[in-house]
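Residues per chain, in single letters:
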Amino acid sequence: MKKIILAFLGKNKLDEVTWELGSFTPFRTKFFPLALQNWFPDYELKLALTKEARATHEGELKQQISNIEQCILDIPSGANEQELWAAFSALIDAVPEQAELILDITHGFRSQPLFAFVAASYLQVVRKVSIKGVYYGAFDVVDKSSPLPRPVFDLLPTLTLLRWASAGNSFLSYGDGAELRNLLIDENKRIGSKTLIDFGNNLNNFTSALELLRPNETAEAATKLSQNLQDLPRDSSFQTIQQPLGLLLDSIDRRVQTFNPASFLAKALAMLRFYQETQQPTQAILAAREALVSIACVRLGVQPDSDYATRKQAETSFDTWQLSENDSERELAALWSEVRPLRNKIGHVSAGKKPQAVHQIRNSVWEKVSKVCGVLEIAIQKT
């Protein structure tokens with residue numbers, strides 16, 4: 001597995017100072033990337049330099065790095081958008097698949113630190129690169145003439161925040177909690193929080209129950225998730241990441257709170273709303289069909305979460321209700337006659353001589369699901 005330090009050097013003149021990072025032996029140099037190479041000797045150094053930066057520093061670098069030509073990564077100056085994208089491509093090309101990467105933005109010029117963050121985030125996704133550190137040597141934290149060591153900060157948590165934002169969006173927008181759960185597992189390895197373990201497990205149970213259309217299990221997992229979110233602020237090991245994640249966790253809590261209704265019909269409605277908001281048409285139409293059967297069970301005086309035989313018997317009521325004098329029963333029968341064949345069309349992979357276009361099926365699903373949500377709301381009010 002390749003290990004790389006990717007560092008940037010601008011064209012500005014640099015002063016020799018002592019750099020200090022954690023328990024590592026302090027290192028004196030004007031080029032901070034050399035301090036990193038000293039602290040992480042098993043990593044290969046790559047120096048991203050523009051032609052202006054190369055003209056300024058190449059002479060001194062040759063005196064300190066024997067294989068300087070292998071280390072230098074030439075990048076454009078970034079004078080226009082085309083050069084910026086060329087620089088971005090050069091950074092991406094320098095890091096192979098599944099490499100371990102340390103970023104150094106200490107001497108970065110203009111937009112280079114921003115590009116480093118974006119490139120790192122991109123590499124995590126497209127090349128499964130593992131980011132081991134994002135270091136910044138704080139030269140200006142003490143007076144320029146001071147002999148005191150300059151501290152070095154690891155900004156990796158800032159980059160991790162981008163992953164949290166992406167994972168949170170996947171869950172809130174699309175109902176996919178896999179990335180969020182993986183982050184919780186990684187964070188637990190770092191800080192050792194039992195609450196995070198519980199949160200990750202309950203999040204997995206919650207999303208799995210939604211994927212498999214399990215109303216009771218979804219509500220049960222939602223209750224446990226809400227409790228986890230209340231417990232996290234009291235977990236001392238969680239304090240270090242509480243502030244940046246506070247808003248995200250609040251958004252997750254608001255979403256989860258909608259899955260704590262008492263009645264089975266209310267649980268079915270919460271699931272349908274979730275499938276609507278996260279644009280999951282297959283789960284939505286399957287759940288809509290079963291929601292109608294649940295309404296029929298309630299009208300017949302039986303528990304909607306009864307066994308299969310009881311629910312199957314309730315389905316036969318729709319045939320009778322087609323000729324009912326009761327308006328609501330006729331409306332339910334009519335809606336059943338619309339939802340059931342649409343559900344079958346999707347479940348049977350649109351087999352037939354003239355399958356309906358995909359966009360037409362999606363539009364039909366959302367139209368029928370909205371109708372089912374409406375009758376669910378009425379049925380809940382009457383129970």
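Quantities reported herein were computed from a predicted structural model and do not represent experimental measurements. (Residues numbered from 1 in each chain as written. Predicted model: local features only at pLDDT ≥ 70, side-chain atom pairs only at ≥ 80, totals over all residues. Heavy atoms only, no water.)

A. Inspection of the overall build of the protein chain at higher detail. Scanning the protein chain from N- to C-terminus turns up 16 helices and 8 strands. Against the compact-globule benchmark of 21 Å for 383 residues, the protein chain has a radius of gyration of 29 Å, which places it well outside the compact range. Dimensions along the principal axes, computed over C-alpha positions, put the protein chain at roughly 95 × 55 × 30 Å. Taken over 383 residues, the protein chain has a buried fraction of 46%. (Helix = DSSP H or I, 4+ residues; strand = E, 2+ residues; numbered from the N terminus. Rg over C-alpha atoms; globule rule 2.2 N^0.38 Å. Buried < 20%, exposed > 50% of the residue type's maximum accessible area, 1.4 Å probe, protein only.)

B. The pairing of strand β7 (residues 130–137), seen in detail. Note that strand β6 (residues 100–107) and β7 share 5 bridges and pair parallel. Looking at β7, one finds that L103 is bridged to V134. The handedness of the β6 to β7 crossover, carried by helix α5 (residues 112–126), is right-handed. Pairing of β7 with strand β8 (residues 150–154) involves 3 bridges; the strand directions are antiparallel. Among the inter-strand pairings, G137 is bridged to a residue of β8, identified as V152. (Pairing = 2+ DSSP bridges. Right-handed = clockwise from strand over helix to strand, strands pointing away.)

C. Representation of helix α16 (residues 358–382) within the structure. In this model, α16 (25 residues) spans 36 Å end to end at C-alpha, consistent with the 36 Å of a helix rising 1.5 Å per residue. Along α16, the residues classified as buried are I361, S364, V365, W366, K368, V369, V372, C373, L376 and A379. Of the surrounding elements, those touching the buried residues of α16 are α11 (264–277), α12 (281–300) and α15 (327–347). (Expected span 1.5 Å × (residues − 1). Contact = heavy atoms within 4.5 Å.)

D. Broad picture of the packing of α12 against α15. Put simply, α12 and α15 touch, their axes get as near as 9 Å, and they point 150° apart. Taken together, the axes of α12 and α15 lie roughly antiparallel to each other. Here α12 and α15 pass one another in a crossing that is left-handed. Between α12 and α15, the residues in contact are T282, I285, L286, A288, R289, L292, V293, I295 and R299 and S328, E329, L332, L335, W336, V339, R340, L342, R343 and I346, respectively. Grouping the constituent residues of the contact of α12 with α15 by class yields 12 nonpolar, 2 polar and 5 charged. (Axes fitted to C-alpha atoms, helices over the stretch in contact; angles between N-to-C directions. Parallel < 35°, antiparallel > 145°, perpendicular 65-115°, else oblique. Left-handed = near helix turned anticlockwise from the far one by under 90°. Nonpolar A, V, L, I, M, F, W, Y, C, P; charged D, E, K, R; others polar.)

E. Local environment of the pattern of salt bridges. Within this structure, the stated rule accounts for 21 salt bridges. Put simply, D42 and K3 hold a salt bridge, and the shortest N to O gap is 3.0 Å. Remark: K3 occurs in strand β1 (residues 3–9) and D42 occurs in the loop between α1 (32–39) and β4 (44–49); sequence separation between them is 39 residues. Salt-bridge contacts for E217 lead to R214; the nearest nitrogen and oxygen are separated by 3.1 Å. Exposure remark for E217: the relative accessible area of 34% places this residue in the partly exposed category. In this structure R214 comes out as partly exposed when scored by relative accessible area, which is 42%. (Salt bridge = Lys/Arg side-chain N within 4 Å of Asp/Glu carboxyl O.)

F. Layout of the state of the cysteines. Applying the stated criterion across every chain, the model contains 0 disulfides. Free cysteine C297: the closest other cysteine sulfur is in C373, separated by 18 Å. (Disulfide = S-S within 2.5 Å.)

G. Looking closely at the sheet that holds strand β3 (residues 27–29). Taken together, the 8 strands give an open sheet; going across it, the order is β3-β2-β8-β7-β6-β1-β4-β5, and neighbouring strands pair in mixed fashion. Of all the strands in the sheet, just β3 and β5 (72–74) have a single pairing partner and so form its edges. Across this sheet, the average inter-strand angle for adjacent strands is 30°, counted without regard to direction. Here 3 bridges tie β4 to β5, and the two strands are oriented parallel to one another. Bridging from a neighbouring strand, A48 pairs with L73 of β5.

H. Fine view of the environment of G133. Its location among the elements puts G133 in strand β7. Between the C-alpha atoms of G133 and N260, which are 127 residues apart in sequence, the distance is 41 Å. In this structure G133 touches L101, I102, L103, D154 and L156, once residues within four positions along its chain are discounted.

I. Looking closely at the layout of surface pockets. In this model, the second largest pocket occupies a volume close to 600 Å³. Of all the elements in the fold, those that place two or more residues in the lining of the second largest pocket are α9 (215–231), α11, α12 and α13 (308–315). At 6 residues, α12 tops the list of elements feeding residues into the lining of the second largest pocket. Looking at side-chain class alone, the lining of the second largest pocket contains 12 nonpolar, 3 polar and 10 charged residues. (1 Å grid on protein atoms, 1.4 Å probe; cavity = no way out; pocket = protein on both sides within 12 Å on 5 of 7 lines; lining within 4 Å. Points joined across faces, edges and corners; volume = space filled by probe spheres on them.)

Coordinates in, geometry out; function isn't part of it.
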